[in-house]
Each structure stands twice: as structure tokens, then as C-alpha cells.
Number of protein chains: 2
Amino acid sequence: MPGAAFLACDWGTTNLRAWVVGGDGEVLASRDFELGVSKLAPGEAEQRFQSEVRPALNAEGLPAILCGMIGSNLGWRAIDYLPCPASLDDLHRGLVTVADGVRIAPGLRGDGIAGAPDVMRGEETQVFGWLAQDPARLFGRYVLCHPGTHAKWILIEDGRIVRFITAMTGELFAVLKKHSVLRSDAPADDEAAFDNGLEAAEDGRALAARLFTARSRVVAGGEPAEDTPSYLSGLLIGAEVASLPELLCGALDQPVVLLGDETLCRWYERALMRRGLQSASYDGEAAALTALTALQLETRP
Amino acid sequence: MPGAAFLACDWGTTNLRAWVVGGDGEVLASRDFELGVSKLAPGEAEQRFQSEVRPALNAEGLPAILCGMIGSNLGWRAIDYLPCPASLDDLHRGLVTVADGVRIAPGLRGDGIAGAPDVMRGEETQVFGWLAQDPARLFGRYVLCHPGTHAKWILIEDGRIVRFITAMTGELFAVLKKHSVLRSDAPADDEAAFDNGLEAAEDGRALAARLFTARSRVVAGGEPAEDTPSYLSGLLIGAEVASLPELLCGALDQPVVLLGDETLCRWYERALMRRGLQSASYDGEAAALTALTALQLETRP
């Protein structure tokens, strides 16, 4: 592709977003591929990348920079995690070349809760991109939430990720909606039922008991069964929002930065607002591109 | 069958236990059937009962008394719940005749948590049987836990169930073990890993975050993946035990009565002991038989 300088990929568990970028950071083309690492057989990543992703974008021969679960044992190759605290500079130093002209950004590892470590792959790149989008963000303290299958609550100080905690909120929602007594094909889009779930989350304790209210409110409370996914979503997000900020950093005295999928961020905004917490939402993919571009063109602030 | 007075059935979601009982309450025969209501098509319960269960036990024509999920819309017919507080006498008055000589005991309904109702079908019969096994139990206050797919914590005062709360602990374990990133075919029988899960449960808050430690301890902590089911079991039971008693009745100043499956009760004993709480375990099926016999022969204390 004329003017193309490199290929950037945010390659996650379920999806691969790829951009062809010019020498000034301008996007020349972009495309989503149904090639999340959960759909790849062992050893398949490199072959599919070279034979499908590159040709589809006219990107044969371009340098490539990748982030996300592609750097795990399920992806191209397992890249060692970087320890926290970590900055975009650390991520740059940690880039690993996995094939000619192809580099993968490492994930992060930190101290989680209950004495266990915690890990992320991909969210760190989006976070560093969000920080790089405005130089003012490189100073001060931010509490950021990246909602999703494995939601991340991330404490940022002076441009570095210092701590984070993962909550399996999205995965709990998916497996309960599909495989449990709460299963339903209805969409989770009813605001009133979502709010009822938020209420039922209360302080977030005894989640296994609160989950049963999604069943009992239908069989004994006369609520419509088709509201169950919305209620369940409110319950799970409400329980997360009730406890994760405090676990991460004690009392929350500033707005939460929401970074990720637009629709999901909107539900989190609603849950936070219900608790009197302010938030502002930003697009995760745009942030990933900012970081990958900075890493490749070495234009880090 | 000579000397047989009636047929008693504890007919639950996954299993049906049936006993042929004599006029003095003696068990003449018993048998388990893989006929849990989750395996029945609508309307199938009566037909299978008459054509399979009765003949297998030579129990054609005997009066029959049933309890459990067979009294739900998934079973023979939906029987109205009794309100709490409720006693064995109330259960007797609430028996519903669903076919010639066949009666089903109703379940209970009470105020759960977060403003939602709570329900049970089958556990109440086991509880009343446990109470009837020793007349001294008909007075005083007991905190009883019935572990299982939907674990019940039950407050009993002077022979009546006054309040209860359900926790979906067993179902969470099953769906996460089978369908999530924590999936594993390994057995949940490692005591050390179970204890590590109990520790990680701490006060039971932020369960969705604690669950992720079952993953991160393997991918970043070097713990063996085959311990995951044991750790997950400890985490879920630990979180339940950390919060349910207090939600049910405030501070716990007496031993917990565990009623149910022997193996599962042993894991709960272990979890309670770790928190300095005493417990004593009793067989749930034996208790069901005691109650069904008392209901049928009208020998209630």
C-alpha cells in the first residue's frame, strides 16, 4: 500500500483489529478479523497472520507491531510479563521480535488480591495509548476501568501502571446466561431491570446469594423472565463497582476513566452514577492504535 | 410388596430417591432413579412414575408421598409455596393430591436478600425430618446449611423455618468448571488447594475478582493447573461461609447444622472450622424419609 509504514494489530481472545498506518501515524486502512486467539489451533497464529491478515490489507513486507493475547501461550508465542509499575517506555523496551519485522508487546504482571498475582495482556497497551493521547495525563493519579470478559481496574500514577485487579464479571455473565438456571436468549438491554440488578448488588457481598435473586424474582416474585439478562448484568456490574475501586486504592475521590467498548462503558457509567461516582468513557481500540503507533514510530512523549 | 404401607419419594432436579415403607415406618426397599426433573419432558413425570418407579419397587397401588422439585413447573405440577414461618404441621396441611393416592409436599417461600423473595423445594422436608429425628430439636434456635447446587442457609426457631437464603454456590462451581477459562476435568479433592481457596475467599467480597485468582495463580504464580477445581471449590464455599450466616441471622454464636450429601458436608465442615465455627453433619436423604414417613403416617411429634 503506498505510503504505508507499518501494520498495527490489537489481537485479543475473540477478535483481531488491524490498521495499516503511514509514516505520520495516519490510518490508511483498517479491518477486523474473526481470528481471536481462542479460535486458533496451536502454531496457527503466524501462518494465518502471513497468509490472511497481511494480504487482506496489502501489507506484505511491512513491519508489524502486535499487542494482546497474541503474546500468550494461546497465541503466537508466550512473551514474559513485565512487572508493575510499568510505563510505555518499559513496554517499548520489552517488545519481542517473533518473526522477521514482527514484534509483540508484553503484558503486565502485578500483585492482585488475596496474595495472588494478577495479569493482563492488551489492556496495558490501550491504557498507555490513552495516556499518550493527552500529555497532561502523564502526570497525576488515575483510576481506570477496562470493562469486558475479564474487567480490569487499574491504578495509574505519573504515566505508569502501578497496580491492577481483574474481575471475571463478563465471563460470569456469559456462562450464567448460557449454561445456568438463569439461562436466557433475551438481550441485556432493559434499563429498568439493569437498575434493579444494580440495587440488588448492594455492597457486593454474598454474590452467589444475590445471583439467586435473579431466579427467585421470577419464580416467586412475578417478574418477567425475559428481563433476567439485564438484571443479571446490573447485578454483576453493580457488585464489581461496589468493591473493586476500594480494593484497588481505598476511597475513590476522583472520576473513573472507562476505556473499552462503547456500549459496555455506557452500562458501567450508569452503574457508577448510581453510586454517586463520576466517569468519562474513551474508545479502547483508538487508544491501542495510539500506543502501537508511538511504539513503532518511537514518538513516545 | 407384603407389609408395604406407602411409597415415599425425594424427587429432585437431578435424582429421584424412592423408599417402600411399612406401617411402622420400617424401610422395606429403596432405590435411586436417574429421573431428576431436569431430565423430564413436560408432562412426563406422572407417566414415568406410574410405569417405571412403581413397578421397579413392586409398589403399584400404594399411597405415595413426594417432595422436592417434582412439585415445580418442571415436575409433575407446580404446587403453591407455603409462606414462612412454617412447620411440619403446615407442610402436612399443604399436601396436594396430584393423582389418585399421590400427594406432593409444597415448597417454602420467604423473604430473601436485596428485597427479593427466596424459595426452596425439598430442603424444607429434609429440615423437618431432621427436626423430627429428635424431639429436643423442636425447641430452640438452629442455623442449618443445606449445601448443594443451590445451597440454603436456614434459620429455625421452635420447630419452624423462619427465614432462609439461597446461594448458587454449587451451580457457580459447575458452570465455571465446565464452561469458563477455569474449566478442568480434574477432581476437586485436593485438601491443600481447597484450603488455599478458602484463604483467598477472605471476607467473601469482590467474588468476581477472587475467581480470577484461580487463573492467575496458575499462569503467573506457577501453581499446578490440575488443582484449579479444588481451589475453586474452596474459594466459592469460603466466600459463602464468610457471608451467608451473617446475612441470615447476624453473628453466629452456635454450631452450624449441616444437612445433605455426606462428602459435600465434609468440605463445608472444613470451611467452617477454618473460620472457627463448629458444625455437625447429618444425612439429608435419611431426614427426608423421616419427614415423609411422619407426613404419611401422621406420626408427627
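Calculation criteria
- Residues numbered from 1 in each chain as written.
- Chains lettered and ligands numbered in written order.
- Predicted model: local features only at pLDDT ≥ 70, side-chain atom pairs only at ≥ 80, totals over all residues.
- Helix = DSSP H or I, 4+ residues; strand = E, 2+ residues; numbered from the N terminus.
- Buried ≥ 20, exposed ≤ 12 C-beta atoms within 10 Å, placed from the backbone.
- Pairing = 2+ DSSP bridges.
- Contact = placed C-beta atoms within 7 Å.
- Core = buried A, V, L, I, M, F, W, Y, C linked by C-beta atoms within 7 Å.
- Least-squares fit on C-alpha atoms with pLDDT ≥ 70 in both.
- Nonpolar A, V, L, I, M, F, W, Y, C, P; charged D, E, K, R; others polar.

Caption draft 1: Up close: the environment of Arg270 of chain A. Residues and elements named next belong to chain A. Counting through the fold element by element, Arg270 comes out in helix α8 (residues 262–274). Here Arg270 falls in the partly exposed class, since 18 other C-beta atoms lie within 10 Å of it. Along the sequence, Arg270 and Gly238 sit 32 residues apart, while their C-alpha atoms lie 9.6 Å from each other.

Caption draft 2: Representation of the pairing of strand β8 (residues 108–111) of chain B. Residues and elements named next belong to chain B. Note: strand β5 (residues 82–83) against β8, two bridges, orientation parallel. Residue pairing in the sheet places Pro83 in a bridge with Arg109 of β8. Relative to strand β9 (residues 117–120), β8 runs antiparallel, the two being bridged by four bridges. Across the sheet, Gly110 pairs through a bridge with Asp118, a residue of β9. Following β8, the chain reverses through five residues before pairing antiparallel with β9; Ala114 in that reversal takes a positive phi of roughly 55°.

Caption draft 3: Highlighting the environment of Gly112 of chain A. In this structure, Gly112 of chain A sits in the loop between β8 (108–111) and β9 (117–120). Taking the number of C-beta atoms within 10 Å as the measure of exposure, Gly112 of chain A has 24 and is therefore buried. Through-space distance from the C-alpha of Gly112 of chain A to that of Arg160 of chain A is 16 Å; in sequence the pair is 48 residues apart. Setting aside its immediate chain neighbours within four residues, Gly112 of chain A contacts Pro117, Asp118, Ile165 and Thr166 of chain A together with Thr213 and Ser216 of chain B.

Caption draft 4: Expanded view of the nonpolar core. In this structure, Ala208 of chain A together with Ala8 and Ala208 of chain B are the most contacted members of the largest nonpolar core, which totals 203 residues. Beyond its immediate chain neighbours, meaning those up to four positions away, Ala208 of chain A contacts Ala167, Met168, Thr169, Leu172, Leu236, Ala239 and Glu240 of chain B.

Caption draft 5: Summary view of the relation of the copies chain A and chain B. Once chain A has been moved 0.0 Å along the axis and rotated by 180°, it coincides with chain B to within an RMSD of 0.0 Å. In short, the pair behaves as if placed about a two-fold rotation axis. Within chain A, the C-alpha atom positioned nearest to the axis of rotation is that of Arg205 of chain A, 2.4 Å from it. The residues that chain A uses at the interface reappear at the interface of chain B in 100% of cases, marking a shared surface.

Caption draft 6: Layout of the sheet that holds β9 of chain B. With mixed pairing, the three strands of this open sheet are ordered in space as β5-β8-β9 (chain B). Edge positions in the sheet fall to β5 and β9 of chain B, since each of these pairs with one other strand and no more.

Caption draft 7: Focus on the interface of chain A and chain B. With 45 residues of chain A at the interface, the matching set in chain B holds 45 residues. When contributions to the side of chain A that touches chain B are tallied by element, the ones reaching two or more residues are β9, β12 (160–167), α4 (169–179), α6 (207–219) and α7 (228–249) of chain A. In terms of residues, the side of chain A that touches chain B owes the most to one element, α6 of chain A, which gives ten residues. Taken together, the residues that form the side of chain A that touches chain B break down as 26 nonpolar, eleven polar and eight charged.

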